Amino acid sequence: MLAVCRPRLRGYGRHDWGAVVAFGLALAGMNSIFYQAIERIPLGPAVTLEVLGPLALSVLGARRVAAWCWAGFALAGVVLLGRGGFDRLDPVGAALALAAGAMWAGYIVCSARVGARFPRADGLALALAVAALVTLPIGLVDAGGRLADPVLLGLGTVLALLASVLPYTLELVALRRLPTATFAVLMSLGPAVATLAGWLVLDQALHPVEVLAIALVVVASAGAVRAATPPAVRSASPPPPVAESAAVSAAAATPPPRR
């Protein structure tokens, strides 16, 4: 990302770099903790518990009765998922998935702040570099000489591209083209996609009650995001006047200054 984006390092203040460091720590924590969770519990329940972090963020931001109702809907799904005490899920794995969800909420907040301070994907590239520096010593201690395996390095490179570089970059691009509410609703489908992937790729079968629980959390996530968005934002904005459109088009066609 640094090689592709070549972000400018000068001209930023202490608060800008603080936002980048916080973003990098959120990225490192979100990914590392989630990988520890899916070592202990199936993929579908792990993503379901993780998505409660963004769900709580949407509910707290909405401050509406409807949003709290959706939170209760999601809580019902979590209770069904745990079967009244997580008797079929490892408690440590469930706690790690919830912690990853908290880091996911932090990632959303930090992403918005960094995106407002840095152009293009410069902030993301810098934050990923911070996350790499934070997690590298832990990986070296844990893996040791196994990191010298070319096959392992190749798989790690593919994982870095598919799990970090591509999705986070595509999210950044998508948020510039889609309303935030639409984007968040699409992201709330994560548990369903994870359950399908766990069933197809990892042969992780789920009981019907757990499938229902995941469906409840997905619906609650979409409903909470919908409730958090004011009706004026959800409605389509009228097209700008012709003169304004021409001015906007001319401004968009102006090339950015060279650095």
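That block above? That's the structure.
Description of the structure in this document. (Residues numbered from 1 in each chain as written. Predicted model: local features only at pLDDT ≥ 70, side-chain atom pairs only at ≥ 80, totals over all residues. Heavy atoms only, no water.)

### A closer look at the overall build of the protein
Stage number 1. Within the protein, the regular secondary structure consists of 13 helices and 0 strands.
Stage number 2. Beginning at the N terminus, the succession of helices and strands in the protein can be written as α-α-α-α-α-α-α-α-α-α-α-α-α.
Stage number 3. Split into buried and exposed, the 259 residues of the protein put 34% on the buried side.
Stage number 4. At a minimum sequence separation of 6, the contacts of the protein that also span at least 24 residues come to 84%.
Stage number 5. Accessible surface computed for the protein: about 15,200 Å², of which carbon and sulfur atoms make up 70%. (Helix = DSSP H or I, 4+ residues; strand = E, 2+ residues; numbered from the N terminus. Buried < 20%, exposed > 50% of the residue type's maximum accessible area, 1.4 Å probe, protein only. Contact = heavy atoms within 4.5 Å. Areas by Shrake-Rupley, 256 points an atom, 1.4 Å probe, with all protein chains shown as cover.)

### Observations concerning empty space enclosed by the protein
Stage number 1. In this structure the tally under the stated criterion is 1 cavity of 30 Å³ or more.
Stage number 2. Its boundaries defined by the atoms lining it, the largest cavity holds a volume of some 30 Å³.
Stage number 3. Those elements that place two or more of their residues in the lining of the largest cavity are helix H3 (43-50) and helix H10 (190-200). (1 Å grid on protein atoms, 1.4 Å probe; cavity = no way out; pocket = protein on both sides within 12 Å on 5 of 7 lines; lining within 4 Å. Points joined across faces, edges and corners; volume = space filled by probe spheres on them.)

### A short note on the nonpolar core
Stage number 1. Ranked by size, the top nonpolar core spans 42 residues in total, and within it Phe23, Leu27, Leu49, Leu52, Tyr107 and Tyr168 carry the most contacts.
Stage number 2. For this core, the element with the highest residue contribution is helix H2 (residues 14-38), accounting for 9 residues.
Stage number 3. Contact partners of Tyr107, with chain neighbours within four places excluded, come to Phe23, Ala26, Leu27, Met30, Tyr168 and Glu171. (Core = buried A, V, L, I, M, F, W, Y, C linked by side-chain atoms within 4.5 Å.)

### Topic: the pattern of salt bridges
Stage number 1. Taken as a whole and assessed by the stated rule, the structure comprises 2 salt bridges.
Stage number 2. In this structure, the salt-bridge partner of Arg117 is Asp16, at a minimum N-O distance of 2.7 Å. Pair noted here: Arg117 is in helix H6 (residues 91-117) and Asp16 is in helix H2, with a separation of 101 residues, a long-range link.
Stage number 3. By relative accessible area, which is 38% here, Arg117 ends up partly exposed.
Stage number 4. Residue class for Asp16 comes out buried when judged on its relative accessible area of 15%. (Salt bridge = Lys/Arg side-chain N within 4 Å of Asp/Glu carboxyl O.)

### Considering the packing of H2 against helix H7 (residues 122-143)
Stage number 1. Two elements in contact, H2 and H7, have axes separated by 7 Å at closest approach and are oriented at 55°. Of the possible angle classes, the one that applies to H2 and H7 is oblique. When you trace H2 past H7, the crossing you get is right-handed. Between H2 and H7, the residues in contact are Trp17, Val20, Val21, Phe23, Gly24, Leu25, Leu27, Ala28 and Ser32 and Gly123, Leu124, Leu126, Ala127, Leu128, Val130, Ala131, Val134 and Thr135, respectively. (Axes fitted to C-alpha atoms, helices over the stretch in contact; angles between N-to-C directions. Parallel < 35°, antiparallel > 145°, perpendicular 65-115°, else oblique. Left-handed = near helix turned anticlockwise from the far one by under 90°.)

### Quick word on the side chain of Asn31
Stage number 1. The topology assignment puts Asn31 in helix H2.
Stage number 2. Residue class for Asn31 comes out buried when judged on its relative accessible area of 18%.
Stage number 3. A polar contact of 3.2 Å, which involves the side chain of Asn31, links it to the side chain of Tyr168.
Stage number 4. Non-local contacts of Asn31, meaning those with residues more than four positions away in its chain, are made with Ala163, Ser164 and Tyr168. (Polar contact = N/O pair within 3.5 Å; in protein donor to acceptor, adjacent residues only side chain to side chain.)

### A short note on the environment of Val173
Stage number 1. Of note, Val173 is situated in helix H8 (residues 150-175).
Stage number 2. Overall, Val173 belongs to the partly exposed group, its relative accessible area being 32%.
Stage number 3. Each C-alpha atom, one on Val173 and one on Ala121, is 8.9 Å from the other, the two residues being 52 residues apart in sequence.

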